[in-house]
Amino acid sequence: MLPAMSYVLRHSVTGEIAACLQKNNYDLDYYGIRQWDSEQEAQEQKAMFLEQIGHDDEHRWLVLHLDESRVKLGNVKLKNDPARRLIMHPEGTLEGRLP
């Protein structure tokens, strides 16, 4: 069985993966990677989502697919802290950092 794939946004210059406050399955707030089920859905919602989180450089954000294990790892690195940013380096490693 193949791992589930999610579509996320990655900044083409900084490598930042877009994250925001969300609700989990238990209706609790958490800060994590914003993900979509399809590439088309991510493309359609990209502009509005980026505007909502304060980015005005939509053209620099690319849709990228990540398997569920990478999304989970990224969320761990964000530590549920809205001040943190998740960076995906060109070789694919994930780093959670404070600005």
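Here the structure is a predicted model, which means the values were calculated and not measured.

## Observations regarding the environment of Cys20
Residue position: Cys20 is located in strand β3 (residues 19-23). As a C-alpha pair, Cys20 and Lys79 span 59 residues in sequence and 12 Å in three-dimensional space. Apart from residues lying up to four places away in sequence, Cys20 is in contact with Tyr30, Tyr31, Gly32, Arg34, Phe49 and Ile53.

## Examining unusual backbone geometry
Within the chain, Asp27 stands out as a residue other than glycine whose phi angle is a positive 65°. Examined against the element boundaries, Asp27 turns out to sit in the loop between β3 and β4 (29-33).

## Focus on the environment of Lys79
Along the chain, the position of Lys79 falls in the loop between α2 (68-78) and β6 (85-88). Linking Lys79 and Glu51, residues 28 residues apart in sequence, is a C-alpha distance of 23 Å.

## Things to note about helix α1 (residues 39-52)
Taking 1.5 Å as the rise per residue, α1 with 14 residues should run 20 Å; its terminal C-alpha atoms sit 19 Å apart, in good agreement. A bend of about 55° at Lys46 is the largest found in α1. Of the residues making up α1, those classed as buried are Ala42, Lys46, Phe49 and Leu50. Buried residues along α1 sit in contact with β1 (5-11), β3 and β5 (61-67). Count one or two residues on from α1 and you reach Gly54, which has phi positive near 90°.

## A closer look at the pairing of strand β7 (residues 94-97)
With burial as the criterion, only one face of β7 is covered, namely that bearing Leu94 and Gly96; the residues Glu95 and Arg97 on the opposite face remain uncovered. In terms of strand pairing, β6 meets β7 through four bridges, oriented antiparallel. In the sheet register, Met88 faces β7, and the bridge partner there is Leu94. Hairpin connection of β6 to β7: five residues between the antiparallel strands, including Gly92 at a positive phi of 100°.

What counts, and where the lines are drawn
- Residues numbered from 1 in each chain as written.
- Predicted model: local features only at pLDDT ≥ 70, side-chain atom pairs only at ≥ 80, totals over all residues.
- Heavy atoms only, no water.
- Helix = DSSP H or I, 4+ residues; strand = E, 2+ residues; numbered from the N terminus.
- Contact = heavy atoms within 4.5 Å.
- Expected span 1.5 Å × (residues − 1).
- Bend = angle between axes of the 7 residues up to and from the residue.
- Buried < 20%, exposed > 50% of the residue type's maximum accessible area, 1.4 Å probe, protein only.
- Pairing = 2+ DSSP bridges.

Such coordinate-based values are descriptive only and should not be taken to indicate function.
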